[in-house]
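Coordinates in review
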Number of protein chains: 2
Amino acid sequence: MNSLEVCYSPALFNFYKNKDAIVVVVDVLRATSSICTAFANGVSSIIPVESKEEALSYKNKDFVIAAERDGLILDFADLGNSPYNFSEELVRGKNVVYSTTNGTKTIQTAASESKAVVIGAFSNITALTEWLITQNTPVVILCAGWKNRYNIEDTVFAGALSERLLTTELYKSICDSTSAAVDMWNNHKSNLRKLIDTCAQRERLRKNKLDDCIDYCLTNDTCPVVPLFNGTALINLSST
Amino acid sequence: MNSLEVCYSPALFNFYKNKDAIVVVVDVLRATSSICTAFANGVSSIIPVESKEEALSYKNKDFVIAAERDGLILDFADLGNSPYNFSEELVRGKNVVYSTTNGTKTIQTAASESKAVVIGAFSNITALTEWLITQNTPVVILCAGWKNRYNIEDTVFAGALSERLLTTELYKSICDSTSAAVDMWNNHKSNLRKLIDTCAQRERLRKNKLDDCIDYCLTNDTCPVVPLFNGTALINLSST
């Protein structure tokens, strides 16, 4: 039996980290849903960078730059953070440099203290679950949250993924955050959109007219991909 | 309208802190339930200290020393961390020095960045709610958790207290952790003991035969007290 834990904030990762674990980074609205979409649309690689300055340094070097802060595209960037930005036309065969408010930093935090880092969202939940089961290792689901605060959309996805993993009986959890996430998922899975409509990020996206992608981000298996961080860039473990 | 937020770990307090807020520190199993019990039984003051060494430095100086680590009483201490330890016979009129795994550090963290720090538990929920309402300030409910990890018993209490405050319409919350805590409370309030029996701290207490106090710690209003941290010690704002 492998351990399964959920960590609700990058700022708590130090208390959940496990060198033997695969870390699943989650930022459902919208970074990890967008990353899955980009791979489903044939992107070659995605380089996560933390600072605006680092993103800008790739300008005019044959990279596509995706960069946002607080949901809004930065002026020098080619793309923002909506999954709809990562169309096949714009990303197939390209290398994308990606900087976001929460997701990028989370990937880098996780990579330093784990066996491997992969990307999770409702978009790739089945492909990801199947791949994790083949790995036979402990799993830590790391929610990106919002500026290190807890958020509901990442928690409920962590619950959905945890339930699938626990059902296999290859994993066990004595972790309260896993129990609470599974409980949230079971209480709200029949009307996930209603839950998400109450959460803080929903309101942020609405204010910026960026809420058109919410139903897409809550839909299972739009993208049969497993994005893995290789230390420098995200690459797709499954062919599309 | 005053803001109401719930912070799930002392390690996240930096992202929820508010100089204008009253912070309610929560460590239901067992520190804050024990503190309320001590005041209900007439203790004069409780000095929270972080290290074992600091607790030991008060030995033989006319203080009662309560000190535990991982639930177990330390050898030099007079009392452990069970509310049953703080009997009227042992504490009335005394000054207690108190060092615990999670609770003490949390009080000190909160005190440095807030308007005031008070102690919350099911034991004093009505007295605390009534006092908070008279203060007309923002409130941050700070869960002690377990070694900086999220825990269910503090979250569900945060949900119970949040629901009482939000019902007054003096508070508003756009905080996902508050919404999730209220949701947990509403889903489990009809059988709180069943929820607590699934949580990690329940198992730790059982292993150490320290689980006799759980029903007591889940009972409302056994202690009509409001313990306030005055910068050095906890004192009782309500006479008993």
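Please refer to the structure higher up on the page.
These notes cover the structure that comes with them. This one's a predicted model, so the numbers in the text were calculated from it and none came from an experiment.

Cut-offs used in this document
- Residues numbered from 1 in each chain as written.
- Chains lettered and ligands numbered in written order.
- Predicted model: local features only at pLDDT ≥ 70, side-chain atom pairs only at ≥ 80, totals over all residues.
- Heavy atoms only, no water.
- Buried < 20%, exposed > 50% of the residue type's maximum accessible area, 1.4 Å probe, protein only.
- Helix = DSSP H or I, 4+ residues; strand = E, 2+ residues; numbered from the N terminus.
- Pairing = 2+ DSSP bridges.
- Salt bridge = Lys/Arg side-chain N within 4 Å of Asp/Glu carboxyl O.
- Least-squares fit on C-alpha atoms with pLDDT ≥ 70 in both.
- Contact = heavy atoms within 4.5 Å.
- Core = buried A, V, L, I, M, F, W, Y, C linked by side-chain atoms within 4.5 Å.
- Buried area = accessible area lost by both parts, 1.4 Å probe.
- Polar contact = N/O pair within 3.5 Å; in protein donor to acceptor, adjacent residues only side chain to side chain.
- Nonpolar A, V, L, I, M, F, W, Y, C, P; charged D, E, K, R; others polar.

Considerations on the pairing of strand S2 (residues 22–26) of chain B
Residue and element names in this part refer to chain B. Judged by how many residues are buried, S2 sits mostly within the fold: five of five residues are covered. Taking every second residue as pointing to the same face, both faces of S2 are buried, with Ile22, Val24 and Val26 on one and Val23 and Val25 on the other. As defined by bridge partners, S2 adjoins strand S7 (residues 116–120) across five bridges and the pair is classed as parallel. Note on S7: the bridge partner recorded for isoleucine 22 is alanine 116.

Section: the pattern of salt bridges
Evaluated as defined, the whole model comprises 24 salt bridges over all chains. In this structure, the salt-bridge partner of arginine 149 of chain B is glutamate 5 of chain A, at a minimum N-O distance of 2.6 Å. Of this pair, arginine 149 of chain B sits in the loop between strand S8 (139–143) and helix H6 (152–167) while glutamate 5 of chain A sits in strand S1 (residues 2–7), which puts the two residues in different chains. Just as arginine 149 of chain B is buried, glutamate 5 of chain A falls in that class too. The partner of aspartate 197 of chain B in a salt bridge is arginine 193 of chain B, and the shortest N-O contact between them spans 2.9 Å. Each member of the salt-bridge network shares a partner with another, and the members are Arg193, Asp197, Arg202, Asp211 and Asp215 of chain A.

With respect to the relation of the copies chain A and chain B
Between chain A and chain B, which share one sequence, the superposing operator has a rotation angle of 180 degrees and an axial displacement of 0.0 Å; the RMSD is 0.0 Å. What we have between these two chains is a two-fold relation. Interface overlap between copies is the fraction of interface residues in one copy that are interface residues in the other; for chain A against chain B it reaches 100%, indicating a shared surface.

Comments concerning the nonpolar core
Core analysis: the largest hydrophobic core is formed by 156 residues, its most contacted members being Leu132 of chain A together with Leu132 of chain B. Ignoring any residue separated from it by four or fewer positions in sequence, one finds leucine 132 of chain A in contact with Ile22, Val24, Val139, Leu161, Leu165 and Tyr171 of chain A. Counting residues in each nonpolar core, the second largest holds 11 residues, with Ile47, Ala77, Val97 and Ala233 of chain A among its members.

Some thoughts on the pairing of S8 of chain B
All names here are of chain B. Of all five residues in S8, five are buried; the element is thus mostly enclosed. Of the two faces of S8, the one lined by Val139, Ile141 and Cys143 and the one lined by Val140 and Leu142 are each fully buried. Pairing geometry for strand S1 (residues 2–7) and S8, over four bridges, is parallel. Note on S8: the bridge partner recorded for valine 6 is isoleucine 141. The pairing of S2 with S8 spans five bridges and is parallel. Residue pairing in the sheet places valine 25 in a bridge with leucine 142 of S8.

Focus: the interface of chain A and chain B
Taken together, the contacts link 26 residues of chain A with 26 residues of chain B. Counting the surface chain A buries against chain B, the share from its top three residues, Arg149, Tyr150 and Asp176 of chain A, is 32%. In this structure, the connection of chain A to chain B is made through two salt bridges. Our count for the contact surface shared by chain A and chain B stands at 12 residue pairs in polar contact (both at pLDDT 80 or more). Secondary-structure elements contributing two or more residues to the side of chain A that touches chain B are helix H6 (152–167) and helix H7 (176–188) of chain A. Among the elements that make up the side of chain A that touches chain B, the one with the highest residue count is H7 of chain A (eight residues). A breakdown of the residues in the side of chain A that touches chain B according to their chemical character gives 13 nonpolar, seven polar and six charged.

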